Amino acid sequence: MNEVNVSCLFNKAQQALKQASILHHEIFLWYRVEVNQLELEVRELAQKKDTYKLLSEQQEGVIKDLQDELDRDQKEASVLQREHTDLVEKLEPMRSQLETTSADIEEMVAQYKVDIEEAKARLKTNAEYVRRLSRRETLEEIHARGFDLSVKIEEAKKLEVVAEHEGDEGSEGSKESEGPNGSGDKSVSNEDQA
């Protein structure tokens, strides 16, 4: 039995050695995969580091350019501020003169508005006078042809006088209204009344 035990032990030892060899080989492969993955991660991290370094250098250049631009803009703003202060000092006397001139202009505009309203009123009155005069002359012409419109002619004369009188009040005595023949005579000639 001894021999059988030795042989059995030998077989068991051989099997254990094979299993150990297989386990060793599997562990070696597993470590190899792990090492490959770690090497890949190291390469990716190295690429990221290079990329970040490049971006950092680019950003430093941009930051430097922006800083230079900011410095130039601050100097320019300082110059503009001084120029603005100088202009304000020069414009102060002109501002008070402009305010005085502005008040004068507003007064003139107000007077022009009043004059325009008066002129409109005179124009309206004169237009009414001319319309009524034209109507009277037309009625007189119709009467001259043999139609009896004396009542309407008299009424037109009265309205004409009223319109002329209103025209005198609208002009506030500034000018006398001219008569129908442009002579300044308010009365109508005998030929017009016939």
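Report follows, based on the coordinates. (Residues numbered from 1 in each chain as written. Predicted model: local features only at pLDDT ≥ 70, side-chain atom pairs only at ≥ 80, totals over all residues. Heavy atoms only, no water.)

## Let's talk about the overall build of the protein chain
And step 1. A count of helical and extended segments in the protein chain gives three helices and zero strands.
And step 2. Along the protein chain, from the amino end to the carboxyl end, the secondary structure elements read α-α-α.
And step 3. In the protein chain, which comprises 194 residues, the proportion classed as buried is 10%.
And step 4. Looking at the protein chain alone, contacts between residues at least 24 apart form 52% of all its contacts between residues at least 6 apart.
And step 5. Entry remark: accessible area of the protein chain is about 16,700 Å², with carbon and sulfur atoms responsible for 57%. (Helix = DSSP H or I, 4+ residues; strand = E, 2+ residues; numbered from the N terminus. Buried < 20%, exposed > 50% of the residue type's maximum accessible area, 1.4 Å probe, protein only. Contact = heavy atoms within 4.5 Å. Areas by Shrake-Rupley, 256 points an atom, 1.4 Å probe, with all protein chains shown as cover.)

## Concerning the packing of aromatic side chains
And step 1. In the structure shown here, the tally under the stated rule is one aromatic pair.
And step 2. Ring geometry for W30 versus Y31: centroids 5.0 Å apart, planes at 65°, classification edge-to-face.
And step 3. Using a relative accessible area of 48% as the deciding quantity, one classes Y31 as partly exposed. (Phe/Tyr/Trp six-rings, centres within 6.5 Å; stacked < 30°, edge-to-face > 60°.)

## Some words on a negative patch on the surface
And step 1. There is a patch of like negative charges on the surface, built from D65, E69, D73 and E76.
And step 2. Inspection of the secondary structure assignment puts E69 in helix α1 (residues 2–144).
And step 3. The partly exposed category is assigned to E69, whose relative accessible area is 40%. (Patch = residues over 30% accessible without salt bridge, like charges linked within 9 Å, V, L, I, M, F, W, Y side chains within 5 Å. Salt bridge = Lys/Arg side-chain N within 4 Å of Asp/Glu carboxyl O. Lys, Arg positive; Asp, Glu negative; His and termini not counted. Charge placed at Lys NZ, Arg CZ, Asp CG, Glu CD.)

## Comments concerning the environment of H143
And step 1. Assignment of secondary structure puts H143 in helix α1.
And step 2. Separated by 10 residues in sequence, H143 and I153 have C-alpha atoms that sit 8.7 Å apart.

## A closer look at a nonpolar patch on the surface
And step 1. The grouping of L23, I27, W30 and Y31 at the surface amounts to a nonpolar patch, some 460 Å² of accessible area in total.
And step 2. Topologically, W30 is positioned in helix α1.

By themselves, these are just geometric observations and shouldn't be taken as functional.
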